[in-house]
Amino acid sequence: MGDIVMMDAGALAEAIGARRVSCVEVMAAYLDHIDALNPKVNALVALQDREGLLGQARLSDEQVARGEVLGPLHGFPQAPKDLQPVKGIRSTWGSPLLKDFVPTEDALQVERLRAAGAILIGKTNTPEFGLGSHTYNPVHGATANAYDQSRSAGGSSGGAGVALALRMLPVADGSDYGGSLRNPAGWNNVLGFRTGSGVVPTAGEEVWLPTMGVTGPMARTVAGLARLLAVQAGHDPRAPLSLPSDGGRFLAPLDADPKGKRIGWVGDLGGWAPYERGVLEVCREALSAFEDLGCVVDEALPDHPLEPVWQAFIKLRHWQAGGGLAIYYADPANRAVIKPEVIWEVENGLNLSAFEVTAASRVRTAWSNSVRRLFERFDYLIMPTAQVFPFDIHETWPREIAGQSMATYHEWMKAVCMVTMAGCPSLAVPAGFGESGLPMGLQIIAPVGGEMDCLRLAHAYEAATGWVAKRPPALLRNAH
């Protein structure tokens, strides 16, 4: 049974479809594995009743026996990120204001998981309202790193990243505004994919308000990413800004010869972004894998000043995050229990004028054009997934990096936020491990619309390096 949880998503789907394993066996194996490991890391929350889940798995087996068409996730145990409403499952956003909230409807993305055959076993942990790249909240507590339980899992998709690394889920969904799919992937030696705007639809009350936040897949293999993305992506009329395309395009062959591809190493953006000692060194060493594949690697730096872009990001974040959270801030009683970062975002958003938002948007446009010009010289850009290795789990966020003070809860991720501002797809892959044994990741960044390009280069890199299989977490060795 332990072999079941070690299968990648493709092998698991094939085994279920060929009836070599039953959905009941899959569910039992995963639940046993979760019972053994989750108490050590707190990645999965709101776990559902075992007998009920096994009952759903039996129904999935009956579908297989009848020869019904199976979805790409048929019989897969799944746990949506706790920023996604799931019908009948406590969905808290990590906030004490919502600690008892049980939705009566699924989010659009959750609908797609169910339609693809997934069985929802609970949620993955996230920071309160998804703010910050460290997963802790007053409802469920903190999520520990898969490789060192005294360290942060990253965030805001930290529960998803750890659940994947410890084989408690076959694939996982997440979301990303300032690195929330990329940082947890890098810090837990798995993969996360921030796609471009509109690739994955999100419905809700603000569908006509464009946001820099996106939903995307996490997995242990590039093929697993593509499998889940094929479910997540594709237009939906309830998300009018979603692209008019079908998610099935991500199931196209991933094999492609990367020889001759031009790669720009962004590094620390010409010294603008501080990095903890060892991060850039691990990532530079990983660049040799691309050179071995026949790629041409060179230094890259956009022709646009960086500080105005960061300041524009802060303002746009106030507008978008603060605007969405203002409904909670409006009640003075709530302000005593929500995290200070929520109050900071809302209050600064309230002080913004429409003209300031427009000015920040113009800076973003100029920046994205600067990055676009870089892609006239390069096919891909590459940079780390975070500026520091996983930090102490009891910290809220790093106050300094390499002697430089961090003024905000997200400044320590400002280099990653530059990719968000450019609007490019960015796929996080493992880069290797630092001297302390902690993981770091690389972002493979392509021009806007280049999601398949990201997947194909990542697939070649994965075949050349094999970090996920080569260096699993020590917790797995004595799981049962």
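Everything below is about the structure shown above.
Draft legend 1. Main features of the sheet that holds strand β7 (residues 214-219). In spatial order, the strands read β5-β7-β6-β13-β14-β10-β8-β9; together these 8 strands make up an open sheet with mixed pairing. The open sheet has two edge strands, β5 (171-176) and β9 (296-299), and neither has a second partner. The sheet shows a mean angle of 30° between the axes of neighbouring strands, taken without regard to direction. When strand β8 (residues 262-265) meets strand β10 (residues 380-384), the two strands line up parallel, connected through 3 bridges. In the strand pairing of β10, W265 is matched with I382. Set on the sheet, helix α8 (residues 222-232) makes contact with β5, β6 (191-194), β7 and β13 (426-433); between it and β7 the angle comes to about 145°. Where helix α9 (residues 279-292) meets the sheet, it contacts β8, β9, β10, β13 and β14 (439-445), and its direction lies at approximately 55° from that of β14.

Draft legend 2. Highlighting the packing of helix α10 (residues 307-329) against helix α13 (residues 414-422). Their axes nearest at 10 Å, the elements α10 and α13 cross at an angle of 75°. Between α10 and α13, the angle is such that the two are roughly perpendicular. On α13, the residues that touch E307, V309, W310, A312, F313 and L316 of α10 are K414, C417, M418, T420 and M421. Tallied by class, the residues present in the contact of α10 with α13 amount to 8 nonpolar, 1 polar and 2 charged.

Draft legend 3. The packing of α10 against helix α11 (residues 340-350), seen in detail. Two elements in contact, α10 and α11, have axes separated by 7 Å at closest approach and are oriented at 110°. Comparing the axis directions of α10 and α11 gives the class roughly perpendicular. Contacts between α10 and α11 involve I314, R317, H318, G322, L325, A326 and Y329 from the former and V342, I343, W344, E345, V346, E347, N348, G349 and L350 from the latter. When its residues are assigned to classes, the contact of α10 with α11 shows 9 nonpolar, 4 polar and 3 charged.

Draft legend 4. Molecular detail of the pairing of β9. Pairing of β8 with β9, which is carried by 4 bridges, proceeds in the parallel orientation. Across the sheet, the residue bridging to R262 is V296, located in β9. At this point the chain moves from β8, through α9, to the parallel β9, and the crossover so formed is right-handed.

Draft legend 5. Highlighting the pattern of salt bridges. Within the structure shown, the criterion is met by 17 salt bridges. Salt-bridge contacts for R66 lead to E68; the nearest nitrogen and oxygen are separated by 2.6 Å. With a relative accessible area of 53%, R66 lands in the exposed category. On the basis of relative accessible area, E68 is assigned to the partly exposed category, the value being 33%. Connected via shared salt-bridge partners are E111, R112, D236 and R238.

Draft legend 6. Quick peek at the side chain of R182. Inspection of the secondary structure assignment puts R182 in helix α7 (residues 182-187). A distance of 2.9 Å separates the side chain of R182 from the side chain of D176, its partner in a polar contact. Dropping the residues within four chain positions of it, R182 is found in contact with D176, Y177, R194, T385, V416, V419, T420, S426, A428 and Q443.

Draft legend 7. Representation of the pairing of β6 within the structure. The side-chain alternation of β6 yields two buried faces, one formed by L191 and F193 and the other by G192 and R194. Two elements, β6 and β13, share 3 bridges in a ladder whose sense is antiparallel. Across the sheet, residue F193 finds its bridge partner in β13, namely L427.

Draft legend 8. Region of interest: the environment of H140. Turning to its location among the elements, H140 is positioned in the loop between β4 (123-124) and α6 (158-165). You can call H140 buried: its relative accessible area is 16%. Here the alpha-carbon distance between H140 and G94, two residues 46 residues apart in the chain, equals 6.8 Å. Sequence-distant contacts of H140, that is, excluding residues within four places in its chain, are made with N42, V45, D82, R90, T92 and N125.

How each quantity is defined
Residues numbered from 1 in each chain as written. Predicted model: local features only at pLDDT ≥ 70, side-chain atom pairs only at ≥ 80, totals over all residues. Heavy atoms only, no water. Pairing = 2+ DSSP bridges. Helix = DSSP H or I, 4+ residues; strand = E, 2+ residues; numbered from the N terminus. Axes fitted to C-alpha atoms, helices over the stretch in contact; angles between N-to-C directions. Contact = heavy atoms within 4.5 Å. Parallel < 35°, antiparallel > 145°, perpendicular 65-115°, else oblique. Nonpolar A, V, L, I, M, F, W, Y, C, P; charged D, E, K, R; others polar. Right-handed = clockwise from strand over helix to strand, strands pointing away. Salt bridge = Lys/Arg side-chain N within 4 Å of Asp/Glu carboxyl O. Buried < 20%, exposed > 50% of the residue type's maximum accessible area, 1.4 Å probe, protein only. Polar contact = N/O pair within 3.5 Å; in protein donor to acceptor, adjacent residues only side chain to side chain.

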